[in-house]
Structure formats: structure tokens, C-alpha cells
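The primary structure of each chain is shown beneath.
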Amino acid sequence: MSSAADAPQTVAAHPFDRAVALELMPDGRLRGRTSELYWNMISPFGGATAATVLNAILLSPDRQGDPIALTVNFAAPIQPGEFFLEARLARANRSTQHWAVTVVQGMTPDVVVNAVAVFGARRPTWGSTEAVRPETASVDASRRFQAVMKMKWPAMYDVRFALGQVSEEKPNSLTHTWIRDAEPRALDFLSLTAYCDTFAPRIFFRRAQLVPVGTVSLNIYYHVDAADLAGHGTEPVLGVAHGQVGHKGYCDQHAQLWGRKNTLLATTQQMLWYKE
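Since this is a predicted model, take the numbers as computed values, not measurements.

The rules behind these values
Residues numbered from 1 in each chain as written. Predicted model: local features only at pLDDT ≥ 70, side-chain atom pairs only at ≥ 80, totals over all residues. Heavy atoms only, no water. Phe/Tyr/Trp six-rings, centres within 6.5 Å; stacked < 30°, edge-to-face > 60°. Helix = DSSP H or I, 4+ residues; strand = E, 2+ residues; numbered from the N terminus. Buried < 20%, exposed > 50% of the residue type's maximum accessible area, 1.4 Å probe, protein only. Lys NZ or Arg CZ within 6 Å of the ring centre and 35° of its normal. Disulfide = S-S within 2.5 Å. Polar contact = N/O pair within 3.5 Å; in protein donor to acceptor, adjacent residues only side chain to side chain. Contact = heavy atoms within 4.5 Å. Pairing = 2+ DSSP bridges. Salt bridge = Lys/Arg side-chain N within 4 Å of Asp/Glu carboxyl O.

**Description of the packing of aromatic side chains**
Inference 1: One pass over the structure, following the stated rule, counts 9 aromatic pairs.
Inference 2: Summarising the aromatic geometry, the rings of F45 and Y157 are spaced 5.8 Å apart at their centres and angled 65° between planes, so their arrangement reads as edge-to-face. Residue F45 is found in the loop between strand 2 (30-33) and helix 2 (46-58), and its partner Y157 is found in strand 8 (residues 157-163); the two are separated by 112 residues along the sequence. For the pair shown, F45 and Y157 are each scored as buried.
Inference 3: Among the aromatic residues, ring-to-ring pairing joins F16, Y38, F45, W153, Y157 and Y195 into one connected group.
Inference 4: When the ring centre of F84 is taken as reference, the NZ or CZ atom of R29 above it lies at 4.3 Å.

Structure below.
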């Protein structure tokens, strides 16, 4: 299995691959750099950050299997420039590996992100999907998302609303969105991870005003392996998102990401803070 040190020193063709690229340092840490193209309001797009965290594990020579679960806690805004990651294998058994990843930045340095992940090898077994993919409008019949704030990262994606619209006040926050990279890129675990954070905060669908908001914790459960993803190609993913509670400054978000042949690729949850 190759490591970051074995990777060819060529410039990745797709801007997303450049955004999540990591360089192995002599001390064993990995170095990354923020991408202006994937910039949010005051820090990088959280989906790109989560994908970078996952990439740190994928590049490790000790990694075995595919991601099963990932939790990313955003402790502080990442500032423009370089940052460093340490991916540590905390425990492993015959079925799973448990990883801890820390992202630091600055002279001190300060922890800006901490994350945990579970990896494992999937085996042929009985299976069943109880969740049901909803019927919705086609990609061509859906409304293209236009950023309502000064954010750069939305331009890197082709997101279309089949149901719901930002700043359209209604009694629930359910949305159906078609998601794919603006510049075509075959789906893999890195891009799927980023897609999990492309959903606008649910409070924007309940109220006709925009308020400061930010993700505190992002959780992703992966329901497929690399072989399953290989056949998806550049087709859009259907995202079904809704919220359950907004209370005293914090709100949640739950979403499903559906692929070809009604395959549930991943489910994701977030906890976000907001203020009036």
C-alpha cells in the first residue's frame, strides 16, 4: 500500500484534489494548505477539511480497509495558509481500525480540528436497506443553487434544489438536492465526504433571514466500499436533508446521500451553533 511519501510529485488535475493534498514531513506529520477556491466565510469549507482529515488516514501505510465512520469536531477556524495533521492508529483488531486525527496550526501550535474514524474491510454478508429513496424532480428540472453569502466554495459544486430553497420560510426544513462537482470528477470517499457538508444549515429553511451559523461537529457513516463507489463515476448524488431541533443556539441536521441504483452511499449528521 502506498504512502504519502510514495505519491508522485505531480500537480493534481482537479482543484479538489489539490485542496485536500498532503505532504509527508520528516517528523512523520502531514502538511496541508488551505485552498482559496474552497473558502467559506472565515475558514475553509468544512467538507474540504473533513476530506483532508480522511485523506491523512487513506495515505497511511498502516491503513487497512475502507472508512466506516468519521467524526470531525471543528475546534477553531483554520486560518489561510499551511496546517499540520497527525493521524494515529489508536487500536486495531481483525475487523476494524480506530484512528485519531489532530489538525494544528500556528506557532503555538493550536488544535483547530480533532477527529476520530473507524476503518474496516467489508465482507460478503446478508444485507438490507430499510431507508427509501424519495421520488423527486430530475436534475434538469431542479433549480441551481446560488450562494447567498460571500462564499467561494459553492462555485466548486453543481448543487440543484429539487425540493426546498434557501431563505424560503416554511414549516419544515426538508430538502432534496442533486450534488456533483462543477468540474466533473469521479466519486470517491474524499468527494463523498465533502458532499456531506454541502447542505445549507436547516435554520435557513425555517426562517426568511440569514444568521451567523457554523458547524461544531460533523459525523458520517459510510455504507459502501471502494468497489461500490467505483461504478458511480461523475453522476450526481441525491441528498435528502432535514433538521429535528433548533434550541438555545444549537441546531442539528440529518442527511442521506443516494447514488446509482438506489444505493444509500452515506448518512450524515451535524450539530451547528447559531446566534440571532
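Back to the write-up after that little detour.
**Looking at unusual backbone geometry**
Inference 1: For the peptide bond that leads from T108 to P109, omega is -10°, which places it in the cis range.
Inference 2: The residue P109 is located in the loop between strand 5 (96-105) and strand 6 (110-120) in this model.
Inference 3: Not every positive phi belongs to a glycine, and K248 is a case in point at roughly 50°.
Inference 4: Looking at the secondary structure, you find K248 in the loop between strand 12 (246-247) and strand 13 (250-258).

**Describing the state of the cysteines**
Inference 1: Following the criterion strictly, the structure yields 0 disulfides and no others.
Inference 2: In this structure C196 is a free cysteine whose sulfur lies 17 Å from that of C251, the closest cysteine sulfur available.
Inference 3: On the basis of relative accessibility, which here comes to 1%, the residue C196 falls in the buried class.

**Overview of the side chain of H176**
Inference 1: Tracing the backbone through its elements, the reader meets H176 in strand 9 (residues 175-181).
Inference 2: Here T136 takes part through its side chain, which lies 2.9 Å from a polar atom of the side chain of H176.
Inference 3: Those residues in contact with H176 that sit more than four places away from it in its chain are P134, E135, T136, R160, F161, A162, L163, L238, G239 and V240.

**Regarding the side chain of H14**
Inference 1: Its place among the elements puts H14 in the segment before helix 1 (15-19).
Inference 2: Setting aside its immediate chain neighbours within four residues, H14 contacts Y38, D181, E183, P184 and R185.

**Things to note about the pairing of strand 10 (residues 213-222)**
Within a regular beta strand, the side chains point alternately toward one face of the sheet and then the other, so they alternate between its two faces.
Inference 1: One ladder, built from 5 bridges, connects strand 3 (residues 66-74) with strand 10; its direction is antiparallel. The residue of strand 10 that forms the bridge with N73 is S217.
Inference 2: Sheet topology places strand 10 next to strand 14 (residues 264-274); 9 bridges connect them, and they run antiparallel. Following the sheet pairing, S217 is matched in strand 14 by M271.

**Looking at the environment of N55**
Inference 1: Note that N55 resides in helix 2.
Inference 2: Sequence spacing of N55 and L22 is 33 residues, and the spatial spacing of their C-alpha atoms is 7.9 Å.
Inference 3: If sequence neighbours within four positions are ignored, N55 has contacts with V20, A21, L22 and L190.

**Focus on the pairing of strand 13**
Inference 1: As judged from the 5 bridges shared by strand 11 (residues 237-242) and strand 13, these two strands associate in the antiparallel manner. Bridge pairing in strand 13 links A241 to A255.
Inference 2: Pairing geometry for strand 12 and strand 13, over 2 bridges, is antiparallel. Bridging across to strand 13, G246 finds its partner in C251.
Inference 3: Between the antiparallel neighbours strand 12 and strand 13 lie 2 residues, among them K248 with a positive phi of about 50°.
Inference 4: Judged from the 9 bridges that link them, strand 13 and strand 14 form a sheet pairing that is antiparallel. Along strand 14, the bridge assignment pairs W258 with L264.
Inference 5: Hairpin geometry of strand 13 and strand 14 is characterised by an intervening segment of 5 residues between the two adjacent antiparallel strands and by a positive phi of about 55° at K261.

**A word on the pattern of salt bridges**
Inference 1: The tally for this structure, following the rule as stated, stands at 11 salt bridges.
Inference 2: A salt bridge links R180 to D158, with the nearest nitrogen and oxygen atoms 3.3 Å apart. With R180 in strand 9 and D158 in strand 8, this pair connects stretches of sequence that are 22 residues apart.
Inference 3: The exposure class assigned to R180 is partly exposed, which follows from its relative accessible area of 25%.
Inference 4: Using a relative accessible area of 9% as the deciding quantity, one classes D158 as buried.
Inference 5: Ionic pairing is found between E235 and R260, a salt bridge with its closest N-O pair at 3.1 Å.

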